[in-house]
Amino acid sequence: MSERLFTPRALITTLLLVLLAALPLIAQAVGDRYILSVGTRIVIWAIAAVSLNMILGYGGLVSFGHAAFIGIGGYAVGILSANGIQSGWVQWPAALMAATVWAALVAALSLRTRGVYFIMITLAFAQLVYYLGSGLAAYGGDDGLNIGRSRFTGLIDLRDKASFHWLCFALLCAALWFCGRFSRSPFGHVLRGARSNEGRMAALGFPVFRYRLVACLIAGAFGGLAGVLLANEGAYISPAMMSWVKSGDLIVMVVLGGIGVRFGPLYGALAFFVLEESLKPGLDLLHKGWGEYWQIVFGPLLVIIALHAKGGIASLLGFRHD
Amino acid sequence: MEVLIQVLNGVQLGLLMFLLAAGLTLTFGIMDLVNLAHGSLYMMGAYIAWTFISWSDSFVLGALLALPATFIVGVIVEVVIARRLYARDHLDQVLATFGLILFFNDLVRAIWGPAGKSIAVPPFLDHTIEILPGALYPAYRLAIIVVGTGVALLLAWLVARTRLGMLIRAGASNRRMIAALGVNIELLFSLVFGLGAVFAGLAGLMAAPISSVKIGMGDDILILAFVIIVTGGIGSIKGAFVAAMGVGQLDIVGRVYLADWLKAVMDPAAASAAAPAISQVLIYIVMAAVLVWRPTGLFGQRQ
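1. Observations regarding the overall build of chain B
In terms of helices and strands, chain B carries eleven helices and two strands. Overall, chain B shows an N-to-C arrangement of helices and strands of α-α-α-α-β-β-α-α-α-α-α-α-α. Against the 2.2 N^0.38 benchmark of 19 Å for 303 residues, chain B shows a C-alpha radius of gyration of 20 Å, consistent with a compact globule. For chain B, the spread of C-alpha atoms along the three principal axes comes to 60 × 50 × 35 Å. Across the 303 residues of chain B, 49% fall into the buried class. If you take every contact in chain B between residues at least 6 apart in sequence, the share linking residues at least 24 apart comes to 76%.

2. Notes on the overall build of chain A
Each helix and strand in chain A was counted, giving 15 helices and two strands. Here chain A has a C-alpha radius of gyration of 20 Å; the compact-globule value for 322 residues is 20 Å, and the two agree. Each principal axis of the C-alpha atoms in chain A carries an extent, and together these give about 55 × 45 × 40 Å. Evaluated residue by residue, chain A yields a buried proportion of 51% over its 322 residues.

3. A word on the confidence of the model for chain A
Across chain A, pLDDT averages 90, with 97% of residues at or above 70. Mean pLDDT per element in chain A: helix H1 (residues 2–5) of chain A is the minimum at 52, and helix H11 (residues 208–234) of chain A is the maximum at 96.

4. What about the pairing of strand E1 (residues 128–132) of chain B?
All names here are of chain B. Of the strand pairs in this sheet, E1 and strand E2 (residues 135–138) are connected by four bridges, and their pairing is antiparallel. Looking at E2, one finds that Glu-130 is bridged to Leu-136. Counting the residues that bridge the hairpin from E1 to E2 gives two residues, and of these Gly-134 lies at a positive phi of roughly 90°.

5. Side note on unusual backbone geometry
All names here are of chain B. A positive phi angle, near 60°, is found at Asp-32, a position not held by glycine. The topology assignment puts Asp-32 in the loop between helix H1 (2–31) and helix H2 (38–56). Exposure remark for Asp-32: the 19 C-beta atoms within 10 Å place this residue in the partly exposed category. Backbone geometry places Asp-57, a non-glycine residue, at a positive phi of 65°.

6. Topic: the interface of chain B and chain A
Each partner contributes to the interface: chain B provides 39 residues, whereas chain A provides 39 residues. Of all the secondary structure elements, the ones that give two or more residues to the side of chain B that touches chain A are helix H4 (90–112), helix H9 (217–232) and helix H11 (268–293) of chain B. Tallying contributions element by element places H4(B) first for the side of chain B that touches chain A, with 16 residues. Partitioning the side of chain B that touches chain A into residue classes produces 30 nonpolar, five polar and four charged.

7. Focus on helix H6 (residues 163–173) of chain B
All names here are of chain B. Within H6, burial applies to Leu-167, Ile-168, Gly-171 and Ala-172. For H6, the angular spread of buried residues about the axis comes to 135°, placing them on one side. Counted as exposed and oriented over 90 degrees from the buried face of H6: Arg-163 and Ser-173.

8. Remarks on the packing of helix H14 (residues 295–308) of chain A against H4(B)
Direction vectors running N to C along H14(A) and H4(B) enclose 165°, while the axes themselves pass 7 Å from each other. In terms of their interaxial angle, H14(A) and H4(B) are classed as roughly antiparallel. Every pair of crossing elements has a handedness; the one defined by H14(A) and H4(B) is left-handed. The segment H14(A) lies against H4(B), with Gln295(A), Ile296(A), Phe298(A), Gly299(A), Pro300(A), Leu301(A), Leu302(A), Val303(A), Ile305(A), Ala306(A) and Leu307(A) engaging Asp92(B), Leu95(B), Ala96(B), Phe98(B), Gly99(B), Leu100(B), Leu102(B), Phe103(B), Asn105(B), Asp106(B), Leu107(B) and Ala110(B). Classifying every residue of the contact of H14(A) with H4(B) by side-chain character gives 17 nonpolar, four polar and two charged.

9. Describing the packing of helix H5 (residues 67–82) of chain A against helix H7 (residues 115–135) of chain A
All names here are of chain A. In contact at an axis separation of 9 Å, H5 and H7 are set at 30° when each is read in the N-to-C sense. If you check the angle between H5 and H7, you find them roughly parallel. In the crossing of H5 with H7, the sense of the turn from one axis to the other is left-handed. Facing Ala-67, Ala-68, Gly-71, Ile-72 and Tyr-75 of H5, the residues of H7 in contact are Phe-125, Ala-126, Val-129, Tyr-130 and Gly-133. By residue class, the composition of the contact of H5 with H7 is eight nonpolar, two polar and no charged.

10. Details of the environment of Tyr236(A)
All names here are of chain A. Inspection of the secondary structure puts Tyr-236 in strand E2 (residues 236–237). With 17 C-beta atoms counted inside 10 Å, the residue Tyr-236 sits in the partly exposed group. Sequence separation between Tyr-236 and Val-77 is 159 residues; the distance between their C-alpha atoms is 9.9 Å. Those residues in contact with Tyr-236 that sit more than four places away from it in its chain are Gly-144, Asn-146 and Ile-147.

Cut-offs used in this document
Residues numbered from 1 in each chain as written. Chains lettered and ligands numbered in written order. Predicted model: local features only at pLDDT ≥ 70, side-chain atom pairs only at ≥ 80, totals over all residues. Helix = DSSP H or I, 4+ residues; strand = E, 2+ residues; numbered from the N terminus. Rg over C-alpha atoms; globule rule 2.2 N^0.38 Å. Buried ≥ 20, exposed ≤ 12 C-beta atoms within 10 Å, placed from the backbone. Contact = placed C-beta atoms within 7 Å. pLDDT = per-residue confidence, 0-100. Pairing = 2+ DSSP bridges. Nonpolar A, V, L, I, M, F, W, Y, C, P; charged D, E, K, R; others polar. Arc of directions from axis to C-beta. Axes fitted to C-alpha atoms, helices over the stretch in contact; angles between N-to-C directions. Parallel < 35°, antiparallel > 145°, perpendicular 65-115°, else oblique. Left-handed = near helix turned anticlockwise from the far one by under 90°.

If you want it as structure tokens, here you go:
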């Protein structure tokens with residue numbers, strides 16, 4: 001046990017988690033509120049990436065529509081809030097339920113297809129939700145809607161940036177813990193077995209379809225949770241939070257961090273935001289005004305990662321793909 | 001008469017979508033590449049055309065110059081990046097071509113600036129034609145239908161009757177075999193990719209006077225093109241054509257008639273806001289229904 005705790009990767013991971021946990025205090029000490037808001041967004045997107053990793057990493061299912069769950073979670077909170085139901089005890093379960101039901105529907109239909117058809121059908125279903133969101137004129141349509149934050153009276157005030165950050169952080173830890181249990185469980189082994197060889201798992205008598213369906217439900221619920229948090233973070237919902245570019249960003253985070261590794265999505269989300277936040281000023285330093293075009297650098301970087309660094313950051317740190 | 005005009009609008013949209021989808025379905029069918037950056041070539045075609053048209057002051061000349069330029073852009077993308085992806089799994093392809101989209105969007109912003117551009121309808125087509133007594137139709141849209149039909153026929157001839165088409169069909173069914181038979185497969189792949197880029201660029205520059213030339217213009221339409229090739233069956237030109245025509249008609253039905261039908265049952269303002277969204281949703285529902293019925297699309301090869 002002691003051997004596992006003191007490997008460089010365990011140390012770095014622990015350090016990272018401690019840093020994220022202490023971020024509200026650090027932000028206060030240096031008097032910079034911006035780093036806290038970036039930090040909270042990193043934590044929330046890491047939850048979404050952890051949930052995508054459950055099906056993409058362990059299941060081998062390339063879902064290109066994960067932002068839809070974020071959108072559904074966010075819109076469930078926003079719609080209830082706009083109709084005067086502010087209690088988080090109602091909003092949050094309703095949002096998770098909605099995301100899970102949608103996951104069941106999408107998975108039941110799209111798991112019938114394979115390969116590129118699966119990628120495209122998940123993308124198409126996400127676009128469907130996106131257009132529904134932009135068509136909801138009563139809830140802001142394309143422009144989005146400012147909402148009140150969820151209320152947990154007497155328990156926690158989500159308007160307080162520090163408490164909200166700690167709540168998100170606790171939920172991220174829960175998601176990471178769950179993902180660890182999930183991947184080591186017999187269920188996770190069947191899922192990974194089906195990733196390597198679907199036919200053989202089926203021949204062994206495992207109903208692969210049902211295992212994958214359940215994995216999608218779990219991932220959908222966690223995706224919905226990320227959406228709930230994102231809506232509360234900015235007190236704002238808009239179709240942009242579920243555009244297909246966000247689904248692409250999530251895939252980038254998972255692959256960048258290390259696909260199929262428990263802490264991979266955390267590294268990926270962190271690296272994604274740190275790259276964005278440092279490429280802009282970095283390029284501006286090089287030449288005034290270049291920072292605006294940071295994706296000219298970021299795009300080819302993704303190409304290089306796809307071609308040469310498939311294991312992502314986790315493999316640099318010596319994590320094994322499990 | 002109104003119905004005829006809307007059907008023609010649907011045909012025109014369908015033909016534009018077919019031009020975009022044809023290149024996509026070829027690159028997938030032959031090179032086994034999921035190319036998300038195909039929409040970027042559509043955008044590049046429109047921007048390059050804008051530059052040449054402003055420079056030469058002639059729509060036709062500008063368009064004719066833009067097509068080879070888009071071909072060159074396509075071949076560069078193929079040689080530098082795409083050909084390294086053919087043997088990779090779909091996830092790598094999605095990631096790398098997603099990176100290409102980000103690259104092209106910011107590249108266009110850096111070269112042409114953040115504001116959109118507009119291409120005027122060429123003067124010789126800037127009038128209406130009486131297609132039937134009492135039915136007027138814009139000449140430019142009619143020209144799109146003529147050019148689109150011509151290119152679709154050309155492509156059908158190319159694939160079915162020429163040596164290049166024979167190689168394309170052979171490549172789609174067994175790549176390694178035709179490489180083993182001594183066909184220069186790298187050249188073939190570059191040509192097919194460039195051809196796809198030309199079709200995408202042509203669609204982009206023809207659509208420009210109707211909509212506008214802006215950053216990210218290829219992104220949303222790319223998803224629609226994917227819906228078309230998945231519904232039609234990946235790799236099938238015939239499938240892409242049938243699905244593109246269907247999507248064109250569905251879009252028009254949703255956009256034009258759905259709003260009227262909705263106004264009968266709901267508040268007019270809400271109805272006109274909801275109708276375009278519902279028409280988009282309709283397209284995805286049709287795709288889902290087709291895939292549930294035939295998981296490899298209408299004309300796709302059974303696995």
